[in-house]
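# Observations on the model geometry
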Amino acid sequence: RAKELGRNNFQFFTAAMNARVKEQLQLETDLRRAVQRQEFILHFQPKVSCSHGGITGFEALLRWQHPVRGLVSPMEFIPLLEETGLIVPVGTWVLQQACQQAAAWHLAGHGQLTVAVNLSARQLQSEALVQDVRQALEDSGLPPQALELELTESLLMSHVEDNIALLNRLKAMGVQLSVDDFGTGYSSLAYLKRLPLDTVKVDRAFVQDITADPGDASITRAVITMAHNLRLKVVAEGVETEGQIALLVANHCDEMQGYYFSRPVPAPEALALLDKGRVLPGRLRARGAQVP
Ligand code: C2E
Ligand code: MG
Ligand code: MG
Ligand code: MG
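Quick caveat: nothing in here was measured; it's all calculated off a predicted structure.

Before going further, it helps to examine the side chain of Glu255. Mapping Glu255 onto the fold places it in strand E9 (residues 255-256). Among the polar contacts made by the side chain of Glu255, one reaches the side chain of Thr56 at a distance of 3.2 Å. Setting aside anything within four residues of it in sequence, one finds Glu255 in contact with Lys47, Val48, Ser49, Cys50, Thr56, Lys233, Val234, Val235 and Ala236.

Okay, here's the thing in structure tokens:
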């Protein structure tokens, strides 16, 4: 009897596993098709200057418009793109698209804007990365310093020695390099100093509670101070409230990004945000942020 039960459980277990595996395989098939059918699109989220409140640039964030499921979150499909290696061709497309878009903004009179592209592990290991970046800049005519590459802290730290050479090659092309999701890994800024970085993006997890948790507030303050000492620019991620803005501005953070200002939006809406002008709350602007 016990044996029978065990067997039933096992069958149940395998049935559930099969369903998962099937679902995963289906998603994988869909992803391969998505590449051919061009179901990917970029959304753009603004970065806002803490000193003048204007938009300094946009981060390109990948979206998948699935014919049945609708808009699929990158959290779901990026890991799968990584596993299958499809991230390499898709990543090439993202670089091309982002640079074309930024070049168009420049032509439309917003010549100071930057565009940021996220890179993943496989792309860093790919021989083609440096050539892809060069090609995207060349095809679009975008000046290299207008392109920012975001690499997560954990990614940077996982193969520091290999990364130093690669980042130096990218840096030599004139692009900007950022550490993304800073604070979620186990590195210190001093360690990251060995890498040719321009910007630190403080992870949303810290920014979230800075107005409620004195610990998170002092960590954020310390990161800002230390980053400035190392001549790095600081961007705060996931800014959602005026309280957070006030605290970040008071602590000399350089730029902010988050739903307070805008969610990631399609390119035409991004252009509309630009035309709207400064997006810092009025009372902060009034309180001495100098307007250029
Ligand atoms: P990330 O680079 O750290 O991007 C920030 C994520 O936080 C985005 O999620 C953005 O929509 C979200 N976010 C921004 N502001 C707020 C806020 O105020 N509150 C909250 N709750 N969330 C906010 P998204 O677009 O879902 O992207 C998730 C991650 O997927 C990205 O994290 C990035 O690591 C990865 N990713 C996105 N696009 C690409 C890509 O083209 N290539 C690669 N390799 N990775 C990408
Ligand atoms: Mg990012
Ligand atoms: Mg981030
Ligand atoms: Mg993050």
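If you check the shell around ligand 1, you find 23 residues, and the closest are Arg63, Asn118, Asp180, Glu240 and Tyr259. With respect to ligand 1, the side chain of Glu59 contributes an N or O atom lying 3.0 Å from an oxygen atom. Here Asp180 contributes a side-chain N or O atom positioned 2.9 Å from an oxygen atom of ligand 1. For ligand 1, the accessible surface in isolation is 810 Å², of which the surrounding protein chains cover 85%. Take the shell around ligand 1: its biggest share by element is four residues, from strand E2 (residues 55-66). Residue classes in the shell around ligand 1 are distributed as 10 nonpolar, six polar and seven charged.

Moving on: the pattern of salt bridges. Scanning all chains against the criterion turns up nine salt bridges. For Arg69, the salt bridge goes to Glu23, with nearest N and O atoms at 3.4 Å. Taken together, the residues span a long stretch of sequence, with Arg69 in the loop between E2 and strand E3 (70-72) and Glu23 in helix H1 (residues 2-37) at a distance of 46 residues. Look at Arg69 and you get partly exposed, because its relative accessible area is 39%.

Cut-offs applied
Residues numbered from 1 in each chain as written. Chains lettered and ligands numbered in written order. Predicted model: local features only at pLDDT ≥ 70, side-chain atom pairs only at ≥ 80, totals over all residues. Heavy atoms only, no water. Helix = DSSP H or I, 4+ residues; strand = E, 2+ residues; numbered from the N terminus. Polar contact = N/O pair within 3.5 Å; in protein donor to acceptor, adjacent residues only side chain to side chain. Contact = heavy atoms within 4.5 Å. Near = heavy atom within 4 Å. Areas by Shrake-Rupley, 256 points an atom, 1.4 Å probe, with all protein chains shown as cover. Nonpolar A, V, L, I, M, F, W, Y, C, P; charged D, E, K, R; others polar. Salt bridge = Lys/Arg side-chain N within 4 Å of Asp/Glu carboxyl O. Buried < 20%, exposed > 50% of the residue type's maximum accessible area, 1.4 Å probe, protein only.

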